[in-house]
Amino acid sequence: MTANSQPYLPLGDIVLPQPDPTPQLVDEVMNRFGFERVQTAMRALGWTYYNETESPSIETLRTTARRLLDTVAEEKEAFVEHQSGGFRACWYPSGTVTLTFVVESGYSRNTPGARLPDQTATR
């Protein structure tokens, strides 16, 4: 690895930079993702984007998703998610890029705190 973390492949006495596969991964996600299904779900739920009267077009959905994917692909911060308009994009250090459309989610976390002294009296 070099100082800028660009991986190199040895090729005899010549060292060539290894191309970053992330842009191709983003394109693959965009080509495989079911934007039509997202649009159908948004219409069924009556969801719109801010200050809009109708559910977004396929083009708008694709633009939103591409922006999020490009952001995580550029930043490459492990397990950091970028979310907007129902979409969630994430890049993983294994070289995985994900895009999901979230209709509903829940989250709970047990954060350990200071323990209180046991108030039970012993006899």
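Okay, helix α1 (residues 22-32) next. Residues Thr-22, Val-26, Val-29 and Met-30 constitute the buried set of α1. Relative to the axis of α1, the buried residues are bounded by an arc of 100° and lie together on one face. Seen from the open side of α1, the exposed residues pointing more than 90 degrees away from its buried face are Gln-24, Asn-31 and Arg-32. Here the buried face of α1 lies against α2 (35-45), α3 (58-75), β4 (87-92) and β5 (96-101).

Our focus in this paragraph is the pairing of β5. Remark: a regular strand shows side chains that alternate across the two faces of the sheet. Where burial is concerned, the two faces of β5 differ: the one with Val-97, Leu-99 and Phe-101 is buried and the one with Thr-96, Thr-98 and Thr-100 is not. Across 6 bridges, the pairing between β4 and β5 is antiparallel. Each bridged residue has a counterpart across the sheet, and for Cys-90 the counterpart in β5 is Thr-98. Between β4 and β5, which pair antiparallel and follow one another directly, the connecting turn spans 3 residues, one of which, Gly-95, has a positive phi of 90°.

Position of Ala-89 relative to the elements: it lies in strand β4. On the basis of relative accessible area, Ala-89 is assigned to the buried category, the value being 0%. Taking the C-alpha atoms as reference points, Ala-89 and Ala-73, 16 residues apart in sequence, are found 9.3 Å from one another. Once residues within four sequence positions are removed from consideration, Ala-89 is found in contact with Leu-68, Leu-69, Val-72, Val-80, Glu-81, His-82, Thr-98 and Leu-99.

The next thing to look at is the side chain of Thr-64. One can find Thr-64 in helix α3. Those residues in contact with Thr-64 that sit more than four places away from it in its chain are Tyr-49, Ser-84 and Phe-87.

Time to look at the nonpolar core. By size, the foremost hydrophobic cluster in this structure holds 20 residues, and its most contacted members are Phe-33, Phe-35, Val-38, Leu-61, Leu-69, Phe-87 and Leu-99. Elements with a contribution of two residues or more to this core: α1, α2, α3, β4 and β5. When residues of this core are assigned to their parent elements, the largest contribution, 6 residues, is made by α3. Once residues within four sequence positions are removed from consideration, Val-38 is found in contact with Phe-33, Leu-61, Phe-87 and Phe-101.

Looking now at the sheet that holds β4. Ordered in space as β3-β4-β5, the 3 strands form an open sheet in which the pairing is antiparallel. The sheet is open, and its two edges are formed by β3 (81-84) and β5, each paired on a single side. Between one strand axis and the next, the sheet turns by 15° as a mean value, whatever way the strands run. Contacts between α1 and the sheet are confined to β4 and β5, with β5 contributing the most and set at about 30° to the helix. Each of β3, β4 and β5 touches α3; the most contacted strand, β4, lies at about 25° to it.

To continue, consider the pairing of β4. As paired elements, β3 and β4 share 4 bridges and run antiparallel to each other. The residue bridging Glu-81 from the neighbouring strand is Cys-90, located in β4. Counted along the chain from β3 to the antiparallel partner β4, the turn is 2 residues long, and its residue Gly-85 has a positive phi close to 60°.

What counts and what doesn't
- Residues numbered from 1 in each chain as written.
- Predicted model: local features only at pLDDT ≥ 70, side-chain atom pairs only at ≥ 80, totals over all residues.
- Heavy atoms only, no water.
- Buried < 20%, exposed > 50% of the residue type's maximum accessible area, 1.4 Å probe, protein only.
- Helix = DSSP H or I, 4+ residues; strand = E, 2+ residues; numbered from the N terminus.
- Arc of directions from axis to C-beta.
- Contact = heavy atoms within 4.5 Å.
- Pairing = 2+ DSSP bridges.
- Core = buried A, V, L, I, M, F, W, Y, C linked by side-chain atoms within 4.5 Å.
- Axes fitted to C-alpha atoms, helices over the stretch in contact; angles between N-to-C directions.

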